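What the coordinates show
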Amino acid sequence: MTQTLAAATMAAYRRAAGCIAVITLTNPPVNTLSYLLRESFYETFRRANADAEVKAIVICGADGKFCGGADIKEFAGKFSGPSLVALIDDVEQSKKPVVAAIEGMALGGGLELALGCHYRIAHTKAQVGFPEVTLGLLPAAGGSQRLPRLITLTSALELITTGRRISAPEALKLGIVDKVTDKNALDMAIDFARDIIGKPLESRRLSLRTTPCPPDVESFLDEALASIRKHSRGAIAPLACLQAVRASVYSTFDEGLKKEQELFKMLLTSGQARALQYSFFAQRATKKWSMPSGATWKNTSARPLRKAAVIGLGTMGRGITVALIKAGIPVIAVEMGLKQLEAGKTVIMSMLEKEFKKKQLTKAYREMAAFTLDLAKLQEVDLVVEAVFENMSLKKQIFQQLSSLCSADAILCTNTSTLDIDEIASVTTTPHLVVGMHFFAPAHVMKLLEVIYGPRTSPTAVATAMQLAQQMEKVGVVVGNCNGFVGNRMFKLYAEQAYFLLEEGAIPEQVDQVLEDFGFPMGIFKVSDLSGLDIEWKIRQEQGLTGPKQIPGGSFRHRAGGRYSPLLDILCERGYLGQKTGQGWYLYEKPGGRVPTFNLWLHKFLEEYRELHGIQKHYVGQDEILERCLYPLINMGFHILEERIAASPEDIDIIYVFGYSWPRHWGGPMFYASMVGLPRVLDKLNYYHEIHPDIPTLEPSSLLKKLVANGSPPIGTWGAFIKEHNSKL
Ligand SMILES: CC(C)(COP(=O)(O)OP(=O)(O)OC[C@H]1O[C@@H](n2cnc3c(N)ncnc32)[C@H](O)[C@@H]1OP(=O)(O)O)[C@@H](O)C(=O)NCCC(=O)NCCSC(=O)C[C@@H](O)CCCCCCCCCCCCC(=O)O
Ligand SMILES: NC(=O)c1ccc[n+]([C@@H]2O[C@H](COP(=O)([O-])OP(=O)(O)OC[C@H]3O[C@@H](n4cnc5c(N)ncnc54)[C@H](O)[C@@H]3O)[C@@H](O)[C@H]2O)c1
C-alpha cells in the first residue's frame, strides 16, 4: 500500500515546446504537498533549474487539480522533509520564469506555491483560497506575507481571516491571478512561459514588494481587530491571521515570515486546531455510511430522482421544496386546503425568486414547482417528503394513502423530528422504501440532513436519501431509529437542564450568556424564542406530558419517571410563544420583533413559581451552567453510541456542528468531551446526579464509565472499543 502511494506521489517532470520544463504535482486525490511530494518537488525543481536547455518552468497539478495544500494529516506528527517555505523561496528566487497553471483548485499551501511563482494562469472554473483559518491555522508558507503584498490589504485580510474560496474570475479582478482561460490552462501557461523568456523578473518576486496600505492603516487594522473579535465566537485562528497580516505591513518580509511561523506553531498546538482538523475529516467520514446489515456506501447504489413531491407546506415543507428545486429536481407540492396551498405557494415562489436573484437558480424554476390538493397527482414521482404536523395518526394516514397512490418503487420519506419511522412504515406496503429525512429549519439553508433508517428500511432508500443530501449540498448523516434520533434526543437534555436551572435560580440572560461565551451563536432561550416555544410544546403534548393534571405516579414537577419542568408549557398556555407573539423568555418590541430585552414578567413569574413549589433558590455559576447544559447532552451521546444509533462519535459531532451550531472549534460534543477529559465529565455527572437524584439522565452512561475504566482511549478508537465491548455481551 505504502509502495503504491509512494509510486503515485511525485513531482513528475517533462519537457514541452522544447525549452519549457513542466512539473506536475501528483499526489491523488487532491495533490497535497505531503512529505513525499515535497521531496520529489525539491529534486525536480533543481533539475529544471540546472538544465541549461530549460528556459522557463510551468508548475501544474495532475488530474486537473493544481493542489489542495499541505497534507493536513501531517500536522499531527513531527515535521520532516524539505520545508514548504524553503521550496517556495527556491521557486521565487529562480532565475528562470516560473508560471503556475491552476486548474481545479489552489488552496492553502497550493496557493502559497502559486504565489511563489512569477505568474499565475487559471482555468475559469478553478478556485483559490486560504482555508487554513477553518482548520484553526494560518497560511504558514509565506501566504500571509505574500498575499497582502500582491492585492489590497482589505481583500487579503478578508480572504485570510475568513478562509473564503474565490473563483478564478474573482481572483483575476483582485489581482491574484494574471490570466483566466476557459480553455486548457496548462497549454496557455506553456505558451505564456515561452513568451516571457528573458524578461526581467524582479518586480514579480512578491517578497521584494511592500504591502500597499490604505491611508490610515492603524485605524483600519484596529477596526478589523474589533470586527474579528466580534464575529469569531471565541476562535483564535482569525485573530492570529490578523496579527500575521499586520506583520506584513510593519515588518520586512523575513521578519514577517518569522512572525508567521511563530503564530503557526502557537495555533498548531492549540486544542482548537485539533478540533477543527478533526471536524474536517469527520465531515468527510459521514459520507462513508454503513448499516448494521453490512450495507455500506460502497456496496449500495442510489436511485435516480427525476421528480419529487412534498406534502405539507408549512415552515419545513416550504424550505424543503426550495431545496429540492435548487438541486434541480421538479416538485409537486401538496397541501390539505386551498388557503394553506395558496399561502404556501406565495411564500415558496417568493423564496425561489430570491434564490434566482442571488443567481442560485435559473429562470426555469417557475416550471419546476407545481401545486395541488390532490395526492393522486403523485403517481409518477420517484420520492416524496412528508412534512405535515408532528402527529403519528396523521402521518400514518398520509403514508397509507401514499402507499396506494404512488408507484411501487417510490421512496417515501418523513421529516418527522421525533416519531418512530418503523411505525410510520408499518402502514405501507413498501416499508423497505420508507426512510426518515430530518431537515433542519430553514430547510433550504441549514446544511444538515439526518437520514434515519428503521429496521425494515432498505440500503437503496438510505443511499438515495444520502445522494439527495449531496445533490442539495447538504451534509447527510445516517442514523438509527429512536425517539428524537441523534440530534433531538440529545438536545432534549440540553433544553431540560436549562429549564431546571431557571427553576433553581438562574435567569435566561445568564444561561444564554454562558452558552454564547462558549461559542454558540445564540443561547438556548433566544433560540427557543426564535423558533417558537410551541414547537417543543406540541412534541410534549404528543407525548402526553403536558397539562396541569397530576399524571398517575407523577406530580406537577415529576413526569415520565423523572423531574419535569412545566415552565415552557405554562408560557405557551399563556400565549407567550416567543418572537412571533412579542413575548417568550424575553420581551420584544412587538409581535415579530427581533431584539430580545429583559422580561420583567418572566422574572417575577419565576420568583412566584419557586415560592409556590418550595424551591430553594441557589446561586448558579458559569461552570454549573455550562456543565449542566453540556454534560447530560454528551452523556446521551454515549448512550446513542452504545446503542449503535450513531455509528461513530464523528457522526454525532457533525450533526451538532451542522444542525445545532455547535462551535466548530470545539469539534462537537463528543470531541469536546475527549478534550475536557472523560474522567472529568464522569466525575461531574456523578456529582450532579448525587445532588439531583430525581434527574435520571444525569446518571453516567455505562459506555462512559467503561471508557474511563479503560484509561479513556482516544476518540478515534471508540468505535472499535464499542464493537469489542458489545460483542462481549
Ligand atoms: C481540495 C478539496 C476542495 C477537494 O474536495 P472534494 O469534494 O473533491 O474531495 P474531498 O473533500 O472529499 O477530499 C478527497 C479526499 O482528500 C482528502 N483531503 C483533501 N484535502 C486534504 C488535505 N489538505 N490534506 C489531507 N487530506 C486531504 C479528504 O480528506 C478526502 O479523503 P477522505 O479519505 O477523508 O475521504 C477539499 O478536499 C478541501 O477543501 N480540502 C482542504 C483544503 C485545505 O484546507 N487546504 C489547506 C491545508 S493547510 C495548508 O495548506 C497549510 C499551509 O499554509 C502550509 C503550512 C506549512 C507549514 C510549515 C510550517 C512549519 C512550521 C514548523 C512547526 C514546527 C513544529 C514541529 O517541528 O513539530
Ligand atoms: N419546524 C421545525 O423547526 C422542524 C424542524 C425539523 C422537522 N420538523 C418536522 O417537520 C414536520 C412539519 O413541521 P412544520 O414546522 O413545518 O409544521 P407546520 O405546522 O408549519 O406545517 C405543517 C403543514 O402541514 C399541512 N398539513 C397538515 N395536514 C396535511 C395533509 N393531510 N395534507 C397536506 N398537508 C397537510 C398543514 O396545513 C401545514 O401547512 C413535523 O413533523 C415537524 O416535527 C419541524
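Residues numbered from 1 in each chain as written. Chains lettered and ligands numbered in written order. Predicted model: local features only at pLDDT ≥ 70, side-chain atom pairs only at ≥ 80, totals over all residues. Heavy atoms only, no water.

**Looking at the site of ligand 2**
The local shell around ligand 2 holds 23 residues, among which Met316, Glu335, Glu390, Lys395 and Ser417 are the closest. Interatomic distance of 3.5 Å between a backbone N/O atom of methionine 336 and a nitrogen atom of ligand 2. Looking at the shell around ligand 2, the elements that each hand over two or more residues are helix H13 (315-326), helix H15 (392-405) and strand E15 (434-439). When residues of the shell around ligand 2 are assigned to their parent elements, the largest contribution, three residues, is made by H15. (Near = heavy atom within 4 Å. Polar contact = N/O pair within 3.5 Å; in protein donor to acceptor, adjacent residues only side chain to side chain. Helix = DSSP H or I, 4+ residues; strand = E, 2+ residues; numbered from the N terminus.)

**Considerations on the sheet that holds strand E7 (residues 127-129)**
Spatially, three strands are ordered E5-E7-E8 in an open sheet, and the strand pairing comes out mixed. Every interior strand has two partners, whereas the edge strands, strand E5 (105-107) and strand E8 (166-167), have only one. As paired elements, E5 and E7 share three bridges and run parallel to each other. Pairing of methionine 105 across the sheet is with glutamine 127, part of E7. Sitting on the sheet, helix H4 (residues 109-116) touches E5 and E7, and the angle it makes with E5 is about 95°. (Pairing = 2+ DSSP bridges. Contact = heavy atoms within 4.5 Å. Axes fitted to C-alpha atoms, helices over the stretch in contact; angles between N-to-C directions.)

**Looking at the side chain of histidine 692**
Locating histidine 692 in the fold gives a position in the loop between helix H27 (678-691) and helix H28 (702-709). At 3.3 Å, the side chain of histidine 692 forms a polar contact with the side chain of arginine 628.

**Overview of helix H21 (residues 533-542)**
Of all the positions in H21, only Leu533, Asp534, Trp537, Ile539 and Arg540 are classed as buried. Two residues or fewer past H21, glycine 544 is found with a positive phi of approximately 70°. (Buried < 20%, exposed > 50% of the residue type's maximum accessible area, 1.4 Å probe, protein only.)

**Brief notes about the UniProt feature "domain: 3-hydroxyacyl-CoA dehydrogenase NAD binding" (unreviewed entry) in the protein chain**
UniProt marks residues 307-481 with the feature "domain: 3-hydroxyacyl-CoA dehydrogenase NAD binding" (unreviewed entry), using the numbering shown here. Annotation note: span residues 307-481, helix share 37%, strand share 22%, distance between end C-alpha atoms 27 Å. (UniProt positions renumbered as here; feature names shortened; annotations may be inferred.)

**Considerations on the sheet that holds strand E17 (residues 475-480)**
By way of backbone hydrogen bonds, the strands of a sheet pair with one another, either parallel or antiparallel. Spatial ordering of the open sheet is given by E12-E11-E10-E13-E14-E15-E16-E17, a layout of eight strands whose pairing is mixed. Strand pairing shows two members of the sheet lacking a second neighbour, strand E12 (369-372) and E17, which therefore form its edges. Across this sheet, the average inter-strand angle for adjacent strands is 25°, counted without regard to direction. Both E15 and strand E16 (residues 448-453) contribute to a ladder of four bridges, which runs antiparallel. In the strand pairing of E16, glycine 436 is matched with isoleucine 452. On top of the sheet, H15 reaches strand E10 (308-311), strand E13 (383-386), strand E14 (411-414) and E15; it is set at about 170° to E14, its chief contact.

**Topic: the site of ligand 1**
If you check the shell around ligand 1, you find 31 residues, and the closest are Gly109, Glu112, Glu132, Arg165 and Arg284. Between ligand 1 and glutamate 132 there is a distance of 2.7 Å, counted from an oxygen atom to a side-chain nitrogen or oxygen. Contacts to ligand 1 include alanine 140, whose backbone N or O atom sits 3.0 Å from an oxygen atom. Protein contacts shield 76% of the accessible area of ligand 1, which totals 1,300 Å² for the unbound molecule. Looking at the shell around ligand 1, the elements that each hand over two or more residues are E5, H4, helix H11 (253-268) and helix H12 (271-285). Within the shell around ligand 1, the residues separate by chemical class into 17 nonpolar, six polar and eight charged. (Areas by Shrake-Rupley, 256 points an atom, 1.4 Å probe, with all protein chains shown as cover. Nonpolar A, V, L, I, M, F, W, Y, C, P; charged D, E, K, R; others polar.)

**Here's the deal with the nonpolar core**
Membership of the largest hydrophobic core comes to 107 residues, with the highest contact counts inside it found for Leu378, Val511, Trp585 and Phe638. With 11 residues, helix H24 (residues 622-642) is the single largest residue contributor to this core. Not counting chain neighbours up to four residues away, the residues in contact with phenylalanine 638 comprise Met670, Leu678, Ser701, Leu703, Leu704, Leu707 and Trp718. With 70 residues, the next largest nonpolar core counts Val91, Phe130, Cys241 and Val245 among its residues. (Core = buried A, V, L, I, M, F, W, Y, C linked by side-chain atoms within 4.5 Å.)

**As for the confidence of the model for the protein chain**
In this model, the protein chain carries a mean pLDDT of 95, and residues with pLDDT of at least 70 account for 98%. Low pLDDT, under 50, characterises residues 1-6; the stretch is placed with one contact to residues that sit more than four places away or in other chains. The ipTM for the predicted assembly is 0.96, set against a pTM of 0.95. (pLDDT = per-residue confidence, 0-100.)

**What to know about the packing of helix H25 (residues 649-659) against helix H26 (residues 669-676)**
Between H25 and H26, the least distance of the axes is 7 Å, while the angle of their chain directions is 110°. Relative to H26, the element H25 lies roughly perpendicular. Where H25 approaches H26, its residues Pro649, Ile652, Asp653 and Tyr656 are matched on the opposing element by Pro669, Met670 and Phe671. (Parallel < 35°, antiparallel > 145°, perpendicular 65-115°, else oblique.)

**What about the pattern of salt bridges?**
Applying the stated rule across the entire model yields 34 salt bridges. Between arginine 38 and glutamate 74 there is a salt bridge whose closest N-O contact spans 3.1 Å. Here the residue arginine 38 occupies a position in helix H2 (residues 35-50), and glutamate 74 occupies one in the loop between strand E3 (56-61) and helix H3 (84-93), the gap between them amounting to 36 residues. On the basis of relative accessible area, arginine 38 is assigned to the buried category, the value being 8%. (Salt bridge = Lys/Arg side-chain N within 4 Å of Asp/Glu carboxyl O.)

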